[in-house]
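# Report on the structure
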Amino acid sequence: MPQESSHRVVLIVDENSNPFEMSCAIEIFGLDRPELGRRLYDFRLCAAGSHTRMRDGFFTLTGVAGLEAAEDADTLIVPNRPDTEVPRAPEVLDTIRRAHARGARLIGFCSGAFTMAEAGLLDGRRAACHWMWAESFRTRFPQVLLEPDVLFVDDGDILTASGSASALDLGLHVVRRDHGAEIANHVSRRLVFAAHRDGGQRQFVERPVPEIRDESLSPLLAWAQERLGEPLTVADLAAHASVSPATLHRRFQSQLGTTPLAWLTSERVALACRLIERGENRLEVVAERSGLGTAANLRARLRRETGLSPSAYRRRFGPGAGEPVRA
């Protein structure tokens, strides 16, 4: 049996909530991970009433706990819904305020930023919301530092995702923050979803769906991931794909929202993180095996991607991290 987790994640489901974001939360935080030998989180659903009508009346949610289940949450996921102009139930907002006051981490997917702003918790704080609602959000909550062009915002104890699919981006970011890059990459592979997407919402605002879809980059990405320790260049990637560097750049921007070089660097940093988590303490070895070249470049890239130095990352996510210090 998987080892139980003591970190409780609770999702509040409100009237007209989106089923997709609820499913994302269940998939990332709620499923057993027997292959890892432990459950990553203790996950619960709760709602203000015994019957909660989901978005557009697709179905009614029953049989979940009441709002009292949120009172001991370590992480509370606030409700989201498309009718952003309709006020949230006072008892839901009070539950969220109490959770924040006692130090729980708050997460909002898509329109969840409206919920936290309505609760008065985002004034002077950074937040993300869907680009369709950016103007409305700024008008209603001018004191919030809205970042409309990003997939999600991590502002410490309050995290917000911009849209429905970015719930997965933010969820995987939380797993990475809590359990390290290797566990997050494992969960992302189970989801068949990128563990980290560069870029932001702007690509979707300007061109939601390309008229002509380029051939999938998946074979090229898989080929490159097996050779990260080699001196791969953008020219090497283009040559393997039998296209020009300019064409490759367009395909990366269209399909991944980033550049070939940025993707390659991000994958190398992720590999470096996995090596550190597995116990490799020699920075020169980590830098060489991950393709980052030098220990100095490793330090710079790791700090830029994670906000941590290699030693700080090792203390947080390396072997023995989280174990009690023995006298």
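Residues numbered from 1 in each chain as written. Predicted model: local features only at pLDDT ≥ 70, side-chain atom pairs only at ≥ 80, totals over all residues. Heavy atoms only, no water.

## Considering the overall build of the protein chain
The secondary structure content of the protein chain amounts to 14 helices and 10 strands. The burial tally for the protein chain puts 49% of its 327 residues in the buried class. Within the protein chain, contacts between residues separated by at least 24 positions form 63% of all contacts whose residues are at least 6 apart in sequence. As displayed, the protein chain offers around 15,800 Å² of accessible surface, 51% of which is attributable to carbon and sulfur atoms. (Helix = DSSP H or I, 4+ residues; strand = E, 2+ residues; numbered from the N terminus. Buried < 20%, exposed > 50% of the residue type's maximum accessible area, 1.4 Å probe, protein only. Contact = heavy atoms within 4.5 Å. Areas by Shrake-Rupley, 256 points an atom, 1.4 Å probe, with all protein chains shown as cover.)

## Examining the packing of helix 1 (residues 19–30) against helix 5 (residues 166–179)
The geometry of helix 1 relative to helix 5 is characterised by a closest axis approach of 10 Å and an angle of 25 degrees between their N-to-C directions. Looking at the two axes, helix 1 sits roughly parallel to helix 5. The interaxial crossing formed by helix 1 with helix 5 has right-handed handedness. On the side of helix 1, the interface is formed by Glu 21, Cys 24, Ile 28 and Phe 29, while helix 5 contributes Ala 167, Leu 168, Gly 171, Leu 172, Val 174 and Val 175. Taken together, the residues that form the contact of helix 1 with helix 5 break down as eight nonpolar, one polar and one charged. (Axes fitted to C-alpha atoms, helices over the stretch in contact; angles between N-to-C directions. Parallel < 35°, antiparallel > 145°, perpendicular 65-115°, else oblique. Left-handed = near helix turned anticlockwise from the far one by under 90°. Nonpolar A, V, L, I, M, F, W, Y, C, P; charged D, E, K, R; others polar.)

## Let's talk about the sheet that holds strand 10 (residues 158–161)
Within a sheet, neighbouring strands are paired by backbone hydrogen bonds and run either parallel or antiparallel to one another. Here six strands make up an open sheet; going across it, the order is 2-1-5-6-10-9 and the pairing mixed. Of all strands in the sheet, those bounded by a partner on one side alone are strand 2 (42–47) and strand 9 (152–154). Strand-to-strand twist across the sheet, computed as the mean angle between neighbouring axes with direction ignored, equals 15 degrees. Both strand 9 and strand 10 contribute to a ladder of three bridges, which runs antiparallel. Bridge pairing links Phe 152 to Ala 161 in strand 10. On the sheet, helix 2 (residues 90–101) packs against strand 1 (8–13), strand 5 (75–78), strand 6 (105–108) and strand 10 and is oriented at approximately 150 degrees with respect to strand 5. Where helix 5 meets the sheet, its contacts fall on strand 6, strand 9 and strand 10, and the angle it forms with strand 10 comes to roughly 150 degrees. (Pairing = 2+ DSSP bridges.)

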